[in-house]
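# Summary of the model geometry
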Amino acid sequence: MNSTTINHKSIYYPPGGILMWIIIYLELITFGIALIAMVYMGDSEPEVFHNSKLLLNPTYGVINTVVLLTSGLFMALSTYEFKLNNNVKFKKYIGLTILFGLLFLIVKSIEYYAKINAGLYLGYNTFFNFYWLLTLFHVVHVIVGIVILSTLYFKRKTKKLELVDVEASAAFWHMCDLIWLLLFPIIYLIF
Amino acid sequence: MKKQLLYTWIALIILTGIVSILSISSEYNIWIKMLILMVSLIKFIGVSFYFMEVKKAHIFWKFSIILFAALFLIISFL
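Since the model is a prediction, treat every value here as computed from it, not as a measurement.

### Things to note about the packing of helix α3 (residues 58-83) of chain A against helix α4 (residues 87-117) of chain A
Residues and elements named next belong to chain A. One can describe the packing of α3 onto α4 by two numbers: an axis separation of 8 Å at closest approach and a directional angle of 165 degrees. The angle between the axes of α3 and α4 places the two elements in the roughly antiparallel class. The interaxial crossing formed by α3 with α4 has left-handed handedness.

### Focus: the environment of Leu55(A)
Residues and elements named next belong to chain A. Among the secondary structure elements, Leu-55 is positioned in the loop between α2 (46-54) and α3. The exposure class of Leu-55 is partly exposed, given its relative accessible area of 41%. C-alpha of Leu-55 to C-alpha of Ala-118: the two residues are 63 residues apart in sequence and 9.3 Å apart in space. Not counting residues within four places of it along the chain, the set of residues in contact with Leu-55 comprises Lys-115, Leu-120, Tyr-124 and Phe-128.

### A few points about the interface of chain B and chain A
Of the residues lining the interface, 39 residues belong to chain B; the matching set on chain A comes to 45 residues. When chain B packs against chain A, the two sides together hide about 3,700 Å² of surface, and 76% of this comes from carbon and sulfur. The three residues of chain B that bury the most area against chain A are Lys2(B), Met52(B) and Trp61(B), which together make up 19% of that side's buried surface. Summed over the shared surface of chain B and chain A, the number is two salt bridges. Ionic pairing is found between Lys83(A) and Glu53(B), a salt bridge with its closest N-O pair at 2.9 Å. Along the contact surface separating chain B from chain A lie eight residue pairs in polar contact (both at pLDDT 80 or more). At the level of elements, α1 (2-24), α2 (30-51) and α3 (59-76) of chain B are the ones that each hand at least two residues to the side of chain B that touches chain A.

### Points about the packing of aromatic side chains
The final tally for this structure, using the stated rule, is 24 aromatic pairs over all chains. With 5.7 Å between their ring centres and 25 degrees between their planes, Phe44(B) and Phe68(B) make a pair best called stacked. Within this pair, whereas Phe44(B) is found in helix α2, its partner Phe68(B) is found in helix α3, the two being separated by 24 residues in sequence. Each member of the aromatic cluster is reached from another via a ring pair, and the members are Phe49(A), Tyr112(A), Tyr124(A), Phe127(A), Phe128(A), Tyr131(A), Trp132(A) and Phe191(A).

Reading the values: rules and limits
- Residues numbered from 1 in each chain as written.
- Chains lettered and ligands numbered in written order.
- Predicted model: local features only at pLDDT ≥ 70, side-chain atom pairs only at ≥ 80, totals over all residues.
- Heavy atoms only, no water.
- Axes fitted to C-alpha atoms, helices over the stretch in contact; angles between N-to-C directions.
- Helix = DSSP H or I, 4+ residues; strand = E, 2+ residues; numbered from the N terminus.
- Parallel < 35°, antiparallel > 145°, perpendicular 65-115°, else oblique.
- Left-handed = near helix turned anticlockwise from the far one by under 90°.
- Buried < 20%, exposed > 50% of the residue type's maximum accessible area, 1.4 Å probe, protein only.
- Contact = heavy atoms within 4.5 Å.
- Buried area = accessible area lost by both parts, 1.4 Å probe.
- Salt bridge = Lys/Arg side-chain N within 4 Å of Asp/Glu carboxyl O.
- Polar contact = N/O pair within 3.5 Å; in protein donor to acceptor, adjacent residues only side chain to side chain.
- Phe/Tyr/Trp six-rings, centres within 6.5 Å; stacked < 30°, edge-to-face > 60°.

Put into structure tokens, the structure is as follows:
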């Protein structure tokens, strides 16, 4: 465990590293453009989008928002404990982050199962095209995040972990939070 | 630090509740929709600044996050 301090005040060293932040901005811009496109399409087909939104259960969205925010809290706490060289708590919080990530996937699977059973597939209408593509793309990010965090969780037993590894992994996980915070109001609430 | 993270999480959960309540009472009102998106972007900035520790970063990163949130809001309602 190596928690050497990094000067985050330097423009080249944001928490997580500049390369991770380039990825974060690329992702945010990609999702941002797609969501803005969804809003504009919603303006041209207001009835379709409103009626389709009513077919979604916003409770799933609210539960998943709370789950992801809680996992974000645990991730931030694990980074904090890592900086204090508190190995046991670091492991505990990383484990909880992964657990809440898995919980997010379970809730999402239940929601997808209900949609598939109702015949609301990709191609059903414009709203559901956006719904499936955006949420599935986000789910892929969550799965990748869980894989990264699992690597971190098991790697710490065998190799030395650097602070930059932990911060970069944390930044990726928080990026999943950020993307969801953009998706949730637009897909589940505003139409 | 730990308390600050916990307070941030509580604030984010409360804001999620507010957004959910606002959406129930929306009635196609553009201002309510804008408010929902504004509150969601406050949550976005909260996660960035406190969980991702952007508040400790160079001003460029703070500014760019706020700029992204502002542009997203403005373009969505143009």
